[in-house]
Amino acid sequence: MNAAIDVFKRNEFPGSSLAALNAWVAEVAALTQPDHIHWCDGSDAENALLTKQMLADGTLLPLNPETHPHSWLHRSSPSDVARVEHLTFVCTAQPDDAGPNNHWMAPAEAHAKMDALFAGCMRGRTLYVIPYCMGPIDSPLSRCGVEITDSPYVVANMRIMTRMGAPALARIEREGTFVKGLHSTGELDPDRRFIMHFPDELAIKSFGSGYGGNALLGKKCHALRIASHQARHEGWLAEHMLIVGIENPQGETHYIAAAFPSACGKTNLAMLIPPEGYRQAGWKVWTVGDDICWMRPGADGRLYAINPEAGFFGVAPGTSDSSNPNALATISHHTIFTNVAVTDEQEPWWEGLDTRTPALDWQGRKYDPANGPAAHPNSRFTVSAKQCPSYSAKAEDPQGVPISAIVFGGRRASLVPLVFEARDWTHGVLVGAAMGSETTAAATGAVGVMRRDPMAMKPFCGYNFADYFAHWLSFDRAGAKLPKIFHVNWFRKGGDGKFLWPGFGENLRVLEWMIQRVEGKADAVETPIGHLPRAEDLNLDGVALSDEAHDLLFGFDRAGWQAEFAGIGEYLQEFGARTPQALKDEQQRIAARLAH
Ligand code: SAT
Ligand code: MN
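No experiment lies behind these values; they were computed from the predicted model shown.

1. A closer look at the site of ligand 1
Then, number 1: Close to ligand 1 lie Arg83, Tyr211, Gly213, Lys219, Lys220, His240, Ser262, Phe313, Arg380 and Ala442, which account for all nearby residues.
Then, number 2: Between ligand 1 and Tyr211, the relevant distance is 2.7 Å, taken from an oxygen atom to a side-chain nitrogen or oxygen of the residue.
Then, number 3: Compared with its free state, where it exposes 250 Å², ligand 1 has 98% of that area covered by protein.
Then, number 4: Considered class by class, the residues forming the shell around ligand 1 number three nonpolar, three polar and four charged.

Take a look at the structure:
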């Protein structure tokens, strides 16, 4: 079939956005030479047909239809299991606009490199056109995009993760602009794999990977890297944050947005189940989002947030009935599992789920502990947010939810206490900019190495961090009613190398303290690094903490923080003269206070 013939979705008036879309699809088809072109409408019938096709060719494997109805397993290429930060580029005219936090390539060079890879790459394949909307379809905060891909697995995932299909296409037609994402799995060759972003053109080109963050272009590529660039110019924030609503026994709900690096428990915190005592007292937790948050100031000066995604692409290992029963309920049907193990009964399995021994590992080999974990440490589930028992009705509100508190956090085995509060917005921005965390399996490379990960955006900020910090600072202006900013560390370890804080549902105790601080009802101790609670300021009923845990979780180690602040000062220097003076001043003020 000649691809050029059926390229056109509809006859269009020249100059309309659908004309632009048609022209782009025609251009891509001419370059990539697909056998077929399919415009995705997002319907059930379309999804059923694609699923059938993927089951037939082995892209998807059936799971136990009794225990996991309409759920499938996908095994990726073993060399394609995580984001590839070293192959991810931001292509701005000036390298300084991408900043030292990004890999940079000149746009013309990047286009030439990518177009050479895309040339003819869809021969024998179908080109899918996926119109999608990030955010509720009728929200002024939402933004649309179109992903072109040759992967039906990507189509199936995008259908879960975004509002995909006909309504998105209608909005694109109305609005006139959309982000263009071009993706091909190519031959999945790690040496011919690149993820390129062109913020000035609102364009993405991704080749050689089928993995989530590299291939589901609505997610990190659009909703963070491109959106952060748009947000800077339009006065809003695109952040790597979960959004959770905490309802107190009086029925008042505070919404909290929290930034943690990948695989540090965002999904668990977003779906938290209150400890027994809290449940009995009437506390409830509502999930708005688990990974990405778009926020903008409302007419009342508060920040209003939407979750641009429609589903969860969550880490499977560690998800269990005790760590996250809501997630387990969510993924009990209509779920795509990627790189998990399976039991004899064809049920999906991963480390930490239960005590069964799996039959096959994530590569489909007979399970042998000598080969390492049965499920890949970055194995994932893709599932609609609507299946989550704690999904908030407000998640679909076009106006978004008002944010009372922003939380930053990382994996820090030492030094960093359980929680502290920033004195004001500028201090809070420094707390976010100085965030550090030990690396996880969500990206290729060494695991467990401490690195600076400002606002958990190191892999995702589409422009120079110095400008990003300045953008954050700019929200502190007349009339603003900004959230309080906190820092948490669920991962502090004791002398025996074990975690000191029980985490999971118990984290609500820390969130309650934050809410009380927002309401002006809780005490704290003033230290150079911010306001720390004493143990007695938190409700710790029913939590057994050792003396060591008390000391380390609620303590302030002046000498340790002196060294930390020296490191933060050096880190800010990396951004040179572009670093906002207000941030440098704040760092120096605290360093000086720490010195005596
Ligand atoms: O791979 S994703 O970017 O989609 C998930 C993550 O690392 O946060
Ligand atoms: Mn993430």
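2. Describing the nonpolar core
Then, number 1: Counting 146 residues, the largest nonpolar core has Ile406, Phe408 and Trp472 as its most contacted members.
Then, number 2: Core analysis: the next-biggest nonpolar cluster, separate from the first, contains 38 residues, Ile246, Ala258, Ala270 and Ala522 among them.

3. Overview of the coordination of the manganese ion (ligand 2)
Then, number 1: Every protein donor of the manganese ion (ligand 2) is listed here as Lys220 (NZ), His240 (NE2) and Asp291 (OD), and their distances to the metal cover 2.1 to 2.2 Å.
Then, number 2: We note that the donor set of the manganese ion (ligand 2) lies within a single chain, spaced as K-x19-H-x50-D. Linking Lys220 in helix 8 (residues 218-234) with Asp291 in the loop between strand 15 (284-289) and strand 16 (293-297), this pair joins segments that are 71 residues apart in sequence.
Then, number 3: Assessed through its relative accessible area of 5%, Lys220 is described here as buried.

4. Observations concerning the environment of Asn324
Then, number 1: Structurally, Asn324 is set in the loop between strand 18 (311-315) and helix 11 (325-330).
Then, number 2: Taking the C-alpha atoms as reference, Asn324 lies 8.8 Å from Leu269; in sequence the two are 55 residues apart.
Then, number 3: Among all residues touching Asn324, those that are not within four sequence positions of it are Thr267, Asn268, Met271 and Thr319.
Then, number 4: Among the polar contacts listed, one links the side chain of Asn324 to the side chain of Asn268, at a separation of 2.9 Å.

5. Points about the sheet that holds strand 3 (residues 72-74)
Then, number 1: One open sheet accounts for five strands, arranged 2-3-19-22-18; its pairing is mixed. Among the strands making up the open sheet, the edge pair consists of strand 2 (61-62) and strand 18.
Then, number 2: Strand direction decides the pairing type here: strand 19 (residues 335-338) and strand 22 (residues 380-384), joined by four bridges, are antiparallel. Following the sheet pairing, Thr335 is matched in strand 22 by Val383.

6. A few points about the environment of Glu586
Then, number 1: Looking at the element boundaries, Glu586 is found in helix 17 (residues 581-595).
Then, number 2: On the basis of relative accessible area, Glu586 is assigned to the buried category, the value being 4%.
Then, number 3: C-alpha separation for the pair Glu586 and His550, spaced 36 residues apart in sequence, amounts to 29 Å.
Then, number 4: In this structure, Glu586 is in contact with Arg423, Thr426, His427 and Leu430, ignoring residues within four places of it in sequence.

7. Overview of the side chain of Thr426
Then, number 1: You can see Thr426 is positioned in helix 12 (residues 425-433).
Then, number 2: Leave out the neighbours within four places in its chain, and Thr426 touches Leu473, Asp476, Ala582, Leu583 and Glu586.

8. Side note on the pairing of strand 22
Then, number 1: Buried residues dominate strand 22, accounting for four of its five residues.
Then, number 2: Strand direction decides the pairing type here: strand 18 and strand 22, joined by five bridges, are antiparallel. Counted as the bridge partner of Gly314 is Phe381 from strand 22.

9. Description of the packing of helix 16 (residues 558-573) against helix 17
How two helices sit against one another is set out by the angle between their axes and by the gap between those axes.
Then, number 1: The interhelical angle for the contact between helix 16 and helix 17, taken along N-to-C directions, is 155 degrees, at an axis separation of 9 Å. Compared by their axis directions, helix 16 and helix 17 come out roughly antiparallel. Crossing angle aside, the handedness with which helix 16 passes helix 17 is left-handed. Residue-level inspection shows Arg558, Trp561, Gln562, Phe565, Ile568, Gly569 and Leu572 of helix 16 in contact with helix 17, the latter providing Leu583, Gln587, Ile590, Ala591, Arg593, Leu594 and Ala595.
Then, number 2: Here the residues of the contact of helix 16 with helix 17 sort into nine nonpolar, three polar and two charged.

10. Here's the deal with the side chain of Thr439
Then, number 1: Secondary-structure assignment places Thr439 in the loop between strand 25 (436-438) and strand 26 (450-452).
Then, number 2: The exposure class assigned to Thr439 is buried, which follows from its relative accessible area of 19%.
Then, number 3: Only 2.8 Å separates the side chain of Thr439 from the backbone oxygen of Ala446, close enough to count as a polar contact.
Then, number 4: Leave out the neighbours within four places in its chain, and Thr439 touches Ala446, Val447, Gly448, Val449 and Arg451.

11. With respect to helix 6 (residues 166-175)
Then, number 1: All of the buried residues in helix 6 are Ala168, Leu169, Arg171 and Ile172. One face of helix 6 carries all of its buried residues, which in axial projection span an arc of 160 degrees.
Then, number 2: On its buried side, helix 6 packs onto helix 1 (17-32), strand 1 (36-39), strand 6 (126-134), strand 7 (143-149) and strand 8 (163-164).
Then, number 3: Looking one or two residues past helix 6, Gly176 carries a phi angle of roughly 90 degrees, positive in sign.

12. Thoughts on the packing of aromatic side chains
Then, number 1: The tally for this structure, following the rule as stated, stands at 21 aromatic pairs.
Then, number 2: Plain terms: the ring middles of Phe465 and Phe469 are 5.4 Å apart, the flat faces sit at 10 degrees to each other, and that makes the pair stacked. Placement of the pair is Phe465 and Phe469 together in helix 13 (residues 465-473), with a separation of four residues, close to one helical turn. Of the two residues examined, Phe465 and Phe469, each falls in the buried class.
Then, number 3: Taken together through their ring pairs, the aromatic side chains of Tyr463, Phe465, Tyr468, Phe469, Tyr571 and Phe575 make up a single cluster.
Then, number 4: Stacked on the ring of Phe491, the Lys or Arg Arg411 has its end atom at 4.3 Å from the ring centre.
Then, number 5: Sitting above the plane of the Phe475 ring, Arg477 keeps its charged end 5.4 Å from the centroid.

13. A word on the domain arrangement of the protein chain
Then, number 1: Annotation of the protein chain at the domain level lists domain 1 (3-235), domain 2 (239-311 + 392-555) and domain 3 (313-387).
Then, number 2: Just the C-alpha atoms count here: the centres of domain 2 and domain 3 sit 27 Å apart.
Then, number 3: Each partner contributes residues to the interface: domain 2 has twelve residues there, and domain 3 has 15 residues.
Then, number 4: In this assembly, domain 2 packs against domain 3 so that about 1000 Å² is buried in total across both faces, 56% of it on carbon and sulfur atoms.
Then, number 5: Here domain 2 is connected to domain 3 by zero salt bridges.
Then, number 6: Inspection of the region where domain 2 meets domain 3 yields three residue pairs in polar contact (both at pLDDT 80 or more).
Then, number 7: When its residues are assigned to classes, the side of domain 2 that touches domain 3 shows eight nonpolar, three polar and one charged.

Reading guide: rules and limits
- Residues numbered from 1 in each chain as written.
- Chains lettered and ligands numbered in written order.
- Predicted model: local features only at pLDDT ≥ 70, side-chain atom pairs only at ≥ 80, totals over all residues.
- Heavy atoms only, no water.
- Near = heavy atom within 4 Å.
- Polar contact = N/O pair within 3.5 Å; in protein donor to acceptor, adjacent residues only side chain to side chain.
- Areas by Shrake-Rupley, 256 points an atom, 1.4 Å probe, with all protein chains shown as cover.
- Nonpolar A, V, L, I, M, F, W, Y, C, P; charged D, E, K, R; others polar.
- Core = buried A, V, L, I, M, F, W, Y, C linked by side-chain atoms within 4.5 Å.
- Buried < 20%, exposed > 50% of the residue type's maximum accessible area, 1.4 Å probe, protein only.
- Donors = N, O, S within 2.8 Å, 3.2 Å for Na, K, Ca; no water.
- Helix = DSSP H or I, 4+ residues; strand = E, 2+ residues; numbered from the N terminus.
- Contact = heavy atoms within 4.5 Å.
- Pairing = 2+ DSSP bridges.
- Axes fitted to C-alpha atoms, helices over the stretch in contact; angles between N-to-C directions.
- Parallel < 35°, antiparallel > 145°, perpendicular 65-115°, else oblique.
- Left-handed = near helix turned anticlockwise from the far one by under 90°.
- Arc of directions from axis to C-beta.
- Phe/Tyr/Trp six-rings, centres within 6.5 Å; stacked < 30°, edge-to-face > 60°.
- Lys NZ or Arg CZ within 6 Å of the ring centre and 35° of its normal.
- Domains from an automatic or database assignment.
- Buried area = accessible area lost by both parts, 1.4 Å probe.
- Salt bridge = Lys/Arg side-chain N within 4 Å of Asp/Glu carboxyl O.

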